[in-house]
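# Results of the structural survey
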Amino acid sequence: MTSLVNRRQFLRAVPAAGAALRGQTPAAKRVLIAGAGMAGLASALQLVRRGYDVTIFEGQGRPGGRVQTLREGLAPGLTAETGATRIPDTHFLTLSYAREFGLALEPFHAPVGLDTFHVRGQDLTVRNGKEPEWPLNLTAEERKLGREGMAAKYFGPAVAQAVKQNRLRQVPDAVMAQDEGPIAEYLKKRGLSADAVELVNFGFATTFGAGLTFLDAVSEHVEKSYFHIAGGNDKLPFALAERLGARIRYGHRIVAMEQSDSSATLIVEHEGERQKHTAPHLICALPFSVTGGLFEGARLPAQKQELTAGMPYLASDKIFLQMRRQFWREKGRNGFAYTDLLSERFWALGPAEAEKRGLLISYTIGPKAEKLDKMTARDRLAVTLADAEQVFPGAREHFESVRVKSWAADPWVRGLSPDYGPGQLKRIAAAAQREGRIHFAGEHTSRWTGWIQGALDSAHRVVDEITSAA
């Protein structure tokens, strides 16, 4: 005898079918995301497009993570990027997202004027491809090759080979093969003098791992130029956040992540109360510099426990010096400089008119940033302004105000990007490895480490992981 059931009984008996008929997402397609940086935002957007029910929990009150545009405290019309600044024309994912949201791109590097090299107290420029007489103790062969020639000889072949794999997610084999020691040691083994090593790496620490240096060289490969988003790079994360709407819950600090064989749990703190949220999948899009202690109940393997316990990240400072006019342009300079000073390198931003206000930006990464972080605010400004005056005479006269961003002092990140030391590039694949119900996204899990492209690439990877498991 056949029995009939009414619609309500049927929906109770088949929860997934009932949810679909009611216009809701089945529980099996729920995903939790820790962190509303670029990786978390892009993961959510792509999953929503595939019919998933997604919730992002973010401790701060804004989206974007290390994509943060500074406006407050600057002259009207001026913007500055505290974090991610440039978009190479080879970063296809970043450019595609900018196009999708209709964001206008502008050249990052000033189109007119000369770059400056401040070496041993001298200001030097490269004119029409002709290098200056470097005030360094170089061999005859090194002096003949010059800075560009040495870079082409010792970096060129591996970089060219790696660029052929530009759309592959793993670290290119040609880069992995160079991951054998600090870059200074790597180059000295190949016959370069100490001063030649300094010149080839001018403006960057020679203590960085050779593998990370090569990887960054590949990531910085461009065909024509770099871009930034007109009006501020934070327009990109805000555009994603607007599309996601109430799926993002701000002010929810991540306390812990746990998992069982069938689900993952995210524990957050909001307005003094702890909440538990459970779903079949959890994406951790937090930097490993701040995940120490969050995975004690997650049953992670030993290697992943070590990585998430507190990965070393590079210190980085940006010191924004607002000038009442862009005086460097009147002297044929574009405001971009590499130096052997504590300020390491300078960038310049401002409107095309030299008489209007602009910014000289001291940008340090690694050991020199660590030294600046130990200074008082007064001493840090004094050193930076003195360095600016050496490289661009007139800086003191035109200086108006200063803003500072130290990423090592930022409690939400505690550094700029992972310090993958000598022999550690294999950690990128380990950081990206899915562990049960928990997936890992972020630039630290991508070969484009330290770039928006890396965050987006990792987002697409975890979306593939989740959708292929459905």
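Given the structure is predicted, the values throughout are model-derived calculations rather than measurements.

## Looking at the overall build of the chain
Counting secondary structure elements, the chain contains 17 helices and 20 strands. Taken against the 2.2 N^0.38 rule, which gives 23 Å for 470 residues, the C-alpha radius of gyration of the chain at 25 Å falls within 12% of a compact globule. Split into buried and exposed, the 470 residues of the chain put 54% on the buried side. A sequence separation of at least 24 residues applies to 70% of the contacts in the chain between residues at least 6 apart. With the model as given, the accessible surface of the chain reaches about 20,800 Å², and the carbon-plus-sulfur share is 51%.

## Structural notes on the packing of aromatic side chains
Ring pairs (aromatic) are described by centroid distance and by the angle formed between their planes. Per the counting criterion, the structure on display carries 15 aromatic pairs. With a centroid separation of 5.5 Å and an interplanar angle of 90 degrees, the aromatic rings of Phe108 and Phe336 are classed as edge-to-face. Residue Phe108 is located in the loop between β6 (105-107) and β7 (114-119), and its partner Phe336 is located in strand β16 (residues 333-339); the two are separated by 228 residues in the primary sequence. With respect to class, Phe108 is no different from Phe336; both count as buried. Look at Trp328 and Phe392: their rings are 6.5 Å apart centre to centre, the planes differ by 55 degrees, and that puts the pair in the tilted class. Of this pair, Trp328 sits in the loop between β15 (316-323) and β16 while Phe392 sits in the loop between α14 (377-391) and α15 (395-398), and the two are 64 residues apart along the sequence. Judged by relative accessible area, which is 3%, Phe392 ranks as buried.

## Considering the sheet that holds strand β1 (residues 30-34)
Sheet strands pair by backbone hydrogen bonding; their relative direction is either parallel or antiparallel. Taken together, 5 strands build an open sheet; the order of strands is β10-β2-β1-β14-β20 and the sheet is parallel. Each edge of the open sheet is held by one strand with a lone partner, namely β10 (248-250) and β20 (438-440). Recorded for the sheet is a direction-independent mean angle of 20 degrees between the axes of neighbouring strands. Bridging between β1 and strand β14 (residues 281-284) involves 4 bridges; their strand directions are parallel. Following the sheet pairing, Val31 is matched in β14 by His281.

## Section: the side chain of Thr55
Mapped onto the secondary structure, Thr55 falls in strand β2 (residues 53-58). For Thr55, a relative accessible area of 13% gives the class buried. Those residues within four positions of Thr55 in sequence are excluded, and the remaining contacts are Val31, Leu32, Ile33, Arg247 and Arg249.

## Considerations on the sheet that holds strand β17 (residues 345-349)
Taking strand neighbours across the sheet as the criterion, the 7 strands line up as β8-β7-β16-β17-β18-β15-β19 in an open arrangement whose pairing is mixed. Two strands bound the open sheet, and with one partner strand each, they are β8 (122-124) and β19 (399-406). Put simply, the sheet's adjacent strands are angled 25 degrees from each other on average, direction ignored.

## Considerations on the pairing of strand β18 (residues 358-365)
The element β18 is largely enclosed, with a buried count of 8 among its 8 residues. Here β18 shows a buried face lined by Gly358, Leu360, Ser362 and Thr364 and a second buried face lined by Leu359, Ile361, Tyr363 and Ile365. Relative to β18, β15 is paired through 8 bridges, and the arrangement is antiparallel. From the neighbouring strand, Met323 faces β18, where its bridge partner is Gly358. Taken together, the 5 bridges between β17 and β18 define a ladder with antiparallel strand orientation. Across the sheet, residue Ala348 finds its bridge partner in β18, namely Leu360.

## Considerations on the packing of helix α6 (residues 156-163) against helix α10 (residues 210-219)
The interhelical angle for the contact between α6 and α10, taken along N-to-C directions, is 55 degrees, at an axis separation of 9 Å. Considering the angle they form, α6 stands oblique to α10. Regarding α6 and α10, the two cross each other, and that crossing is right-handed. Residues Ala158, Val159, Ala162 and Val163 of α6 touch α10, and the partners they reach there are Phe214, Ala217 and Val218.

## Examining the environment of Gln305
Within the secondary structure, Gln305 is located in helix α12 (residues 302-308). By relative accessible area, which is 44% here, Gln305 ends up partly exposed. Along the chain, Gln305 and Ala409 lie 104 residues apart, while their C-alpha atoms are 24 Å from each other.

## Some points on unusual backbone geometry
A negative phi holds for most residues other than glycine; trans holds for most peptide bonds. Backbone geometry places Asn128, a non-glycine residue, at a positive phi of 50 degrees. Note that Asn128 resides in the loop between β8 and α5 (140-154). Taking relative accessible area as the criterion, Asn128 reaches 84% and is therefore assigned exposed. Even without being glycine, Glu271 reaches a positive phi, approximately 50 degrees. Within the fold, Glu271 resides in the loop between β12 (264-270) and β13 (273-279).

## Quick look at the confidence of the model for the chain
In the predicted model, the chain carries a mean pLDDT of 93, and the fraction of residues at 70 or more is 94%. The low-confidence segment residues 1-5 (pLDDT under 50) makes 1 contact with residues lying over four places distant or belonging to another chain. Of the regions scoring below 50 in pLDDT, residues 7-23 engages in 11 contacts with residues more than four places distant in sequence or in other chains.

## Quick notes on the packing of helix α3 (residues 38-49) against helix α11 (residues 235-244)
Where α3 meets α11, the closest approach of the two axes is 10 Å, and the angle between their N-to-C directions is 40 degrees. In this structure, α3 crosses over α11, and the sense of that crossing is left-handed. In this structure, α3 contributes Met38, Leu41, Ala42, Ala44, Leu45, Val48 and Arg49 to the contact, and α11 contributes Leu236, Pro237, Leu240, Ala241, Arg243 and Leu244. Here the residues of the contact of α3 with α11 sort into 11 nonpolar, no polar and 2 charged.

Parameters at a glance
Residues numbered from 1 in each chain as written. Predicted model: local features only at pLDDT ≥ 70, side-chain atom pairs only at ≥ 80, totals over all residues. Heavy atoms only, no water. Helix = DSSP H or I, 4+ residues; strand = E, 2+ residues; numbered from the N terminus. Rg over C-alpha atoms; globule rule 2.2 N^0.38 Å. Buried < 20%, exposed > 50% of the residue type's maximum accessible area, 1.4 Å probe, protein only. Contact = heavy atoms within 4.5 Å. Areas by Shrake-Rupley, 256 points an atom, 1.4 Å probe, with all protein chains shown as cover. Phe/Tyr/Trp six-rings, centres within 6.5 Å; stacked < 30°, edge-to-face > 60°. Pairing = 2+ DSSP bridges. Axes fitted to C-alpha atoms, helices over the stretch in contact; angles between N-to-C directions. Parallel < 35°, antiparallel > 145°, perpendicular 65-115°, else oblique. Left-handed = near helix turned anticlockwise from the far one by under 90°. pLDDT = per-residue confidence, 0-100. Nonpolar A, V, L, I, M, F, W, Y, C, P; charged D, E, K, R; others polar.

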